[in-house]
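# Fold and geometry: a report
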Amino acid sequence: MSRRTSEDIQSQIDQLKNLKKEVVAKEKAQARKERTRRLIQRGAILEQYLFEPEKLTNEQISEIVKYAFNTPYVKEYIRGIR
């Protein structure tokens, strides 16, 4: 039976640390992809309700969304879907 040395154990620890870094990096990349997809989908949903959205600036769209979400009806609706 071979004995494990402290160097063997340290090497294994280093390998596991590297594996952990790879897994964490993949999880972050997946989360970014999911967020990007969600933002694109929701942006498309918003655009379908805007008249000539290509003529509006981001600031104008932001103002429209702020106005819409600050109406009592929408606030109540959102409270009801949580």
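Above: the structure in question.
All figures in this text were calculated on a predicted structure; none of them were measured in a lab. For every chain, the first residue of the written sequence is number 1, and numbering continues from 1 along that sequence. Given that this is a predicted model, residues contribute local features only at a pLDDT of at least 70 and side-chain atom pairs are listed and counted only at 80 or more, while totals for whole chains, interfaces and linings are drawn from all residues. Based on all heavy atoms of the structure, the side-chain values leave hydrogens and waters out of the count.

With that settled, consider the overall build of the protein chain. A run of DSSP states H or I qualifies as a helix once it reaches four residues; a run of E qualifies as a strand once it reaches two. Both are numbered from the N-terminal end. Along its length, the protein chain carries three helices and zero strands. Overall, the protein chain shows an N-to-C arrangement of helices and strands of α-α-α. Our radius of gyration is a C-alpha quantity, and the globule rule it is checked against amounts to 2.2 Å times the number of residues to the power 0.38. Scaling as 2.2 N^0.38, a compact globule of 82 residues should have a C-alpha radius of gyration of about 12 Å, whereas the protein chain reaches 25 Å, well beyond that. C-alpha extents for the protein chain along the principal axes are approximately 75 × 30 × 20 Å. Only carbon and sulfur atoms are counted for the fraction: they give 55% of the accessible area of the protein chain, which is about 8,200 Å². Each accessible area is a Shrake-Rupley result for a 1.4 Å probe, and residues are judged covered by the shown protein chains and nothing else.

Below, the discussion takes up the pattern of salt bridges. Definition used for salt bridges: Asp or Glu carboxyl oxygen within 4 Å of a side-chain nitrogen of Lys or Arg. Per the counting criterion, the structure on display carries three salt bridges. Taking the shortest distance from any N to any O, the salt bridge between Lys55 and Glu52 comes out at 3.3 Å. A salt bridge links Arg79 to Glu76, with the nearest nitrogen and oxygen atoms 3.2 Å apart. One end of the pair is Arg79 and the other is Glu76, both in helix α3 (residues 72–81) and three residues apart, which spans about a single turn.

All right, on to a nonpolar patch on the surface then. Nonpolar side chains (Val, Leu, Ile, Met, Phe, Trp, Tyr) within 5 Å and like charges within 9 Å form the patches, drawn only from residues with over 30% relative accessible area and no salt bridge. Together, Leu16, Leu19 and Val23 make up an exposed nonpolar region whose accessible area comes to about 270 Å². Examined against the element boundaries, Val23 turns out to sit in helix α1 (residues 6–48). Classification of residues uses two cut-offs on accessible area relative to the type maximum, computed with a 1.4 Å probe and protein chains only: under 20% is buried, over 50% is exposed, and between them is partly exposed. Residue classification places Val23 among the partly exposed positions, given a relative accessible area of 40%.

Here the focus is the environment of Leu56. Along the polypeptide, Leu56 turns up in the loop between α1 and α2 (58–69). The contact definition used throughout considers only heavy atoms, calling two residues in contact when any of these lie within 4.5 Å. What Leu56 contacts, discounting residues up to four positions off in sequence, is Leu50, Phe51, Ile61 and Ile64.

Glancing now at the layout of surface pockets. The way it works is a 1 Å grid over only the protein atoms, where trapped points that fit a 1.4 Å probe form a cavity and open points with protein on both sides within 12 Å along at least five of seven lines form a pocket, and then any residue with an atom within 4 Å of a point lines it. Grid points are joined across faces, edges and corners, and a volume is the space filled by probe spheres set on the points. If you add up the space inside the largest pocket, you get close to 270 Å³. Every residue lining the largest pocket is listed: Arg42, Ile45, Leu46, Tyr49, Leu50, Ile64, Val65, Ala68 and Phe69. Looking at the lining of the largest pocket, the elements with two or more residues in it are α1 and α2.

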